[in-house]
Amino acid sequence: MWSMSCKNLGVFSLVLMLSFAIGCSESAKQEVVTNLVDSDYYKEKHRPQFHFTPEANWMNDPNGMFYYQGKYHLFYQYYPDSTVWGPMHWGHAQSKDMVHWEHLPIGLYPDSIGCIFSGGAVVDNKNTSKLGTANNPPIIATFTHHDFVGEKAKSNDFQKQSIAYSIDGGSEWIKYDGNPVIPNTEKIKDFRDPKVVWHEDTKSWILVLAAYDRVKFYASPNLIDWKFISDFAIEGDNRLWECPDLFPMKVEGTDETKWVLIVSIQKEAPNGGTGTSYFVGDFDGKAFKCDIKDQKWLDWGTDNYAFVTWNNIPKADGRILGLGWMSNWQYAQIVPTEKWRSAMTLPRELNLLNLNNEYQIHSVPVQELKALRGEPTRGKAVTISDEKLLEGAYDVSQSEFEFTVDLKKTTAESFGMKFHNDVGEYFQISFSKEKGKMFVDRTHSTPGNFSAEFVAGIHSAPINFDKESMTVRLYMDAASSEIFIDNGAVSFTSILFPSKKFDSVSLIAQGGEMQSSSYTVYPLDDIWRQ
Ligand code: FRU
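The rules we used
- Residues numbered from 1 in each chain as written.
- Predicted model: local features only at pLDDT ≥ 70, side-chain atom pairs only at ≥ 80, totals over all residues.
- Heavy atoms only, no water.
- Helix = DSSP H or I, 4+ residues; strand = E, 2+ residues; numbered from the N terminus.
- Rg over C-alpha atoms; globule rule 2.2 N^0.38 Å.
- Buried < 20%, exposed > 50% of the residue type's maximum accessible area, 1.4 Å probe, protein only.
- Contact = heavy atoms within 4.5 Å.
- Domains from an automatic or database assignment.
- Buried area = accessible area lost by both parts, 1.4 Å probe.
- Pairing = 2+ DSSP bridges.
- Salt bridge = Lys/Arg side-chain N within 4 Å of Asp/Glu carboxyl O.
- Near = heavy atom within 4 Å.
- Polar contact = N/O pair within 3.5 Å; in protein donor to acceptor, adjacent residues only side chain to side chain.
- Nonpolar A, V, L, I, M, F, W, Y, C, P; charged D, E, K, R; others polar.
- Core = buried A, V, L, I, M, F, W, Y, C linked by side-chain atoms within 4.5 Å.
- Phe/Tyr/Trp six-rings, centres within 6.5 Å; stacked < 30°, edge-to-face > 60°.
- Lys NZ or Arg CZ within 6 Å of the ring centre and 35° of its normal.
- pLDDT = per-residue confidence, 0-100.

**Student:** Summarise the overall build of the chain; cite the residues concerned and give the values.
**Tutor:** Secondary structure assignment for the chain yields three helices and 35 strands. Taking 530 residues into account, the globule formula puts the C-alpha radius of gyration at 24 Å, and the chain, at 23 Å, falls close to it. By principal-axis analysis of the C-alpha atoms, the chain measures approximately 70 × 55 × 45 Å. Among the 530 residues that make up the chain, the fraction classed as buried is 62%. In the chain, the proportion of contacts linking residues at least 24 apart, taken out of those at least 6 apart, comes to 64%.

**Student:** So what's going on with the domain arrangement of the chain? Which residues, and what values?
**Tutor:** One frequently used descriptor of interface size is the decrease in accessible area upon assembly of the parts. Considered domain by domain, the chain is made up of domain 1 (4–365) and domain 2 (373–523). Between the C-alpha centres of domain 1 and domain 2 the distance comes to 31 Å. The interface is formed by 31 residues belonging to domain 1 together with 32 residues belonging to domain 2. Across the domain 1 to domain 2 interface the summed buried area is about 2,600 Å²; carbon plus sulfur atoms make up 60%.

**Student:** I'd like a description of the sheet that holds strand β2 (residues 71–79), backed by residues and values.
**Tutor:** By way of backbone hydrogen bonds, the strands of a sheet pair with one another, either parallel or antiparallel. Strand order in the open sheet made by the five strands is β4-β3-β2-β1-β20, with mixed pairing throughout. Both outer strands of the open sheet, β4 (102–108) and β20 (340–341), are each paired with one neighbouring strand and no more. Note: β2 against strand β3 (residues 89–95), seven bridges, orientation antiparallel. Residue pairing in the sheet places F75 in a bridge with H92 of β3.

**Student:** Give me the lowdown on the pattern of salt bridges, citing residues and values where you can.
**Tutor:** Per the stated rule, a full pass over the model turns up 28 salt bridges. Ionic pairing is found between D526 and K43, a salt bridge with its closest N-O pair at 2.7 Å. Note that D526 is positioned in the segment after β35 (514–523) and K43 in the loop between α2 (12–23) and β1 (57–68), a separation of 483 residues in sequence. A residue is classified by how much of its surface remains accessible, and D526, at 14% relative accessible area, is buried.

**Student:** Go over the site of the ligand with me, naming the residues and quoting the values.
**Tutor:** Taken together, 15 residues surround the ligand, and among them D61, Q77, R192, D193 and E242 come closest. Between Q77 and the ligand, the recorded distance is 2.7 Å, taken from a side-chain N or O atom to an oxygen atom. Take R192: an N or O atom from its side chain is 2.7 Å from an oxygen atom of the ligand. At the level of secondary structure, the elements contributing two or more residues to the shell around the ligand comprise β1, β5 (115–123), β9 (191–199) and β13 (241–250). For the shell around the ligand, the residue count by class is eight nonpolar, three polar and four charged.

**Student:** Give me the lowdown on the pairing of strand β11 (residues 214–220), citing residues and values where you can.
**Tutor:** In terms of burial, β11 is largely enclosed, as six of its seven residues are buried. Sheet analysis places strand β10 (residues 204–211) next to β11, joined by seven bridges and oriented antiparallel. What sits directly across from I206, in β11, is A219. Here β10 folds back onto β11, and the loop between the two strands holds two residues, one of which, Y212, carries a positive phi near 55 degrees. In terms of strand pairing, β11 meets strand β12 (residues 227–233) through six bridges, oriented antiparallel. When the bridges of β12 are listed, K216 appears paired with D231. Taken together, β11 and the strand that follows it, β12, pair antiparallel across an intervening segment of six residues, in which L223 is found at a positive phi of about 70 degrees.

**Student:** Please set out the nonpolar core residue by residue, giving values where relevant.
**Tutor:** Membership of the largest hydrophobic core comes to 46 residues, with the highest contact counts inside it found for F52, W58, Y72, L74, W101, W310 and M344. Broken down by secondary-structure element, the contributors of at least two residues to this core are β1, β2, β5, β18 (305–309) and β19 (320–325). It is β2 that provides the largest number of residues to this core, a total of five residues. There are two domains that each give this core at least three residues, and those are domain 1 (4–365) and domain 2 (373–523).

**Student:** How would you explain the packing of aromatic side chains if you had to name every residue and give the values?
**Tutor:** Using the criterion set out here, one finds 41 aromatic pairs in the structure. Arranged with centres 6.4 Å apart and planes meeting at 65 degrees, the rings of F66 and W173 form a pair that is edge-to-face. With a gap of 107 residues between them, F66 in strand β1 and W173 in the loop between β7 (159–166) and β8 (174–175) connect regions that are remote in the sequence. Of the residues examined, W173 reaches a relative accessible area of 11% and is grouped as buried. An aromatic cluster is defined as three or more aromatic residues linked by ring pairs; in this entry it consists of Y41, Y42, F52, Y67, Y72, Y76, Y78, W101, W310 and W528. The cationic tip of R47 hangs over the ring face of W340; the distance from NZ or CZ to the ring centre is 4.0 Å. When the ring centre of Y522 is taken as origin, the NZ or CZ atom of R373, which lies over that ring, is 3.9 Å away.

**Student:** Provide a residue-level description of the confidence of the model for the chain, including the pertinent values.
**Tutor:** Here the chain averages 92 in pLDDT, while 93% of its residues score no lower than 70. Low pLDDT (under 50) marks residues 3–36, which in the prediction has 53 contacts with non-local residues, meaning those over four places away or in another chain.

Written out as structure tokens, the structure is:
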């Protein structure tokens, strides 16, 4: 994001520096707002009801996610003084189930080295850092210190990697005295977003960070002393890489372990702007090896960026869990929300499959979300040759929809689902067997034309229709749609801002019939106090 903001926001960086100097010191600690009238709490226009959003002001990437003593911690890029990006802090929230969240005071504040860009956190269970004790392991956050003053002076080494630790389970954070732990000796302008994983075979910590058009790997015995070991790039690729993540995954149904490298890419995502990609390969503690032609997209929609995973999920659970920032740098700062800006995606479980000798990640919303389901509306087999309203007692803007299409009996040229409101706005997903694609049309979902890029074109993803049936699951939450095809083989996340909430939804077919063998709608509960 940083290079883009320099290009596009010019004078803005001066304002940032001033507010950095005036408003963001440790002493000016922001209190969590607790005295709002409960019935109004989280009820503003466009406010998602079952997604994580900050109470107020600007949020981008998820950061420092770890699980410890029954709580999932979520930190996030946060600017507490405005609804647009500014000198970054780490906002903080925790949850027992990744669904209901409790806001906590800001975790990390800017300091004399710089403001706090993205990074990760690990529970140092063996106290390798010696910053805690064996009985009370420290939690170590790795992050980028970004120095605006150095940047303005064109020093080129204004991004450096630092650590902070917590010995009370993640509430209070102490910056390490010897920061930065990875200085920027090569003077790489884009040098950031360190994320750490334990590598059992070499008994070392591995840190991966983005260095402009590549990632760099470092190893350490203690999370403090880091040694560069290798880098990984695609030859000839000069896109900006950000927010990498590295972790091992079991291939479903086998004993094989592969390593997954997630990289968020700042431009040319499948439907424009920013998106999250991944590679599947091997990592021996020194280098990551994979066929770089195999770069894949974790999500085909426009609005899932900087997706990263939780550290320290118990072995007995064994899932790979994560979430992304539900926006796109093309328009994130100007979306029409007034009090806060941005939401996270639903928390998701990743699964690695080997299908016809091709490794693929499928992602589904975590099962914990089922706790939000209300009384379902169910429909049996239905043939649609035009449009069928899905009637029932549920809020269309706050529900989960699932329908199964009998592909063999479906003859329609185009079939899918359409959300409407009574002022003529709509959001539509449609499938074309002939084109082998799914289309997502939000061009009439959001009035105001606040961004040409937001409404530019109909988005799409490739779909394999060579099967008996296809199941579509969609979560609609005020200002977002998350679609999961066939248990997450394709996921597609889009944000949208209708002037009035969608209040009806229909299955649609054109140029033939769609045969749906069943459909279910679950109203979903709010996650915030009411
Ligand atoms: C990604 C990003 C990161 C950076 C952060 C700054 O969205 O640009 O690379 O650390 O945002 O807020």
